[in-house]
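Here is how the chains run, residue by residue.
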Amino acid sequence: GNSVTQMEGPVTLSEEAFLTINCTYTATGYPSLFWYVQYPGEGLQLLLKATKADDKGSNKGFEATYRKETTSFHLEKGSVQVSDSAVYFCALGNSGYALNFGKGTSLLVTP
Amino acid sequence: EAGVVQSPRYKIIEKKQPVAFWCNPISGHNTLYWYLQNLGQGPELLIRYENEEAVDDSQLPKDRFSAERLKGVDSTLKIQPAELGDSAVYLCASRDSLKGEQFFGPGTRLTVL
């Protein structure tokens, strides 16, 4: 079946540091891959997505590349801000089926 | 464009009591999902609707949980009776079939005492 594994947190970084949150997946077929972000007290928001191998999703300075050969979709940002502090979820989905989520990675960015 | 609306945002009940959650998806989204999110975990599917039909309810504990989506728009999720272990956040999502993206509501945080 489908599953997602992402690095455990919490991750603590200083402002302007480089961020990587690892995500690997197991899937049948050719799923789309997503990163969602959950800010404190808020619901899940779609951050970025990629629908096929070698696609790069990007939004708000965050990027992730769909790597079929390594079954990975790592999230990166070159310079994090305090406002990026949140919980990040990697997820995969096939067509209209439910998303399979990782456990989430908590990020804390300090000034 | 209005997002997915859920109510209530918070609910505290005693065990064995019934509780209901309501969701209004984004207009035009035919697919609706209810997810359960336990503390420190990612969301997990409870039930998926295509219009008014429940097409995947394999993870719904049917002895105490029920759901409906009358007229293929709003949906209600019910628990009766609630147990201590049901304390969690209940998320509703709807899907834009053209973009293949799911949009989530703010969730209902349930506390069972």
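Structure: see above.
As the structure is a computational prediction, the values presented were derived from the model and not from experiment.

Draft legend 1. Spatial organisation of the interface of chain B and chain A. Contact residues are listed per partner, giving 20 residues for chain B and 17 residues for chain A. Carbon and sulfur atoms make up 51% of the surface buried where chain B meets chain A, a total of about 1400 Å² over both sides. Here chain B is connected to chain A by 1 salt bridge. We note a salt bridge from A:Lys49 to B:Glu101, for which the minimum N-O separation is 3.0 Å. Counting across the chain B and chain A interface gives 6 residue pairs in polar contact (both at pLDDT 80 or more). Counting only elements with at least two residues in the side of chain B that touches chain A, the list comes to strand E4 (31-37), strand E5 (44-50), strand E9 (88-96) and strand E10 (101-104) of chain B. Of all the elements, E4(B) adds the most residues to the side of chain B that touches chain A, at 4 residues.

Draft legend 2. Expanded view of the sheet that holds strand E8 (residues 62-65) of chain A. Residues and elements named next belong to chain A. Ordered in space as E3-E9-E8-E7, the 4 strands form an open sheet in which the pairing is antiparallel. Of all the strands in the sheet, the pair left with one neighbour each is strand E3 (19-21) and strand E7 (56-59). If you compare each strand with its neighbour and ignore which way they point, the axes differ by 15 degrees on average. Of the pairings in the sheet, the one linking E7 to E8 comprises 4 bridges and is antiparallel in character. Its bridge partner lying in E8, Asn59 is registered against Phe62.

Draft legend 3. Quick look at the pattern of salt bridges. Residues and elements named next belong to chain B. Counted by the stated rule, this structure contains 8 salt bridges over all chains. Between Arg48 and Glu50 there is a salt bridge; the shortest N-O distance is 2.9 Å. The network of salt bridges with common partners includes Arg64, Glu83 and Asp86.

Draft legend 4. Here's a closer look at the state of the cysteines. Residues and elements named next belong to chain A. If you walk through the whole model with that rule in mind, you get 2 disulfides over all chains. Through a disulfide, Cys23 is tied to Cys90; the S-S separation comes to 2.0 Å. Across the S-S bond linking Cys23 and Cys90, the dihedral sits near -70 degrees, which makes this disulfide left-handed. Separated by 67 residues along the polypeptide, Cys23 in strand E4 (residues 23-26) and Cys90 in strand E10 (residues 86-93) bring together distant segments of the chain. There is no split in this pair, since Cys23 and Cys90 are both buried.

Reading the values: the criteria
- Residues numbered from 1 in each chain as written.
- Chains lettered and ligands numbered in written order.
- Predicted model: local features only at pLDDT ≥ 70, side-chain atom pairs only at ≥ 80, totals over all residues.
- Heavy atoms only, no water.
- Contact = heavy atoms within 4.5 Å.
- Buried area = accessible area lost by both parts, 1.4 Å probe.
- Salt bridge = Lys/Arg side-chain N within 4 Å of Asp/Glu carboxyl O.
- Polar contact = N/O pair within 3.5 Å; in protein donor to acceptor, adjacent residues only side chain to side chain.
- Helix = DSSP H or I, 4+ residues; strand = E, 2+ residues; numbered from the N terminus.
- Pairing = 2+ DSSP bridges.
- Axes fitted to C-alpha atoms, helices over the stretch in contact; angles between N-to-C directions.
- Disulfide = S-S within 2.5 Å.
- Buried < 20%, exposed > 50% of the residue type's maximum accessible area, 1.4 Å probe, protein only.

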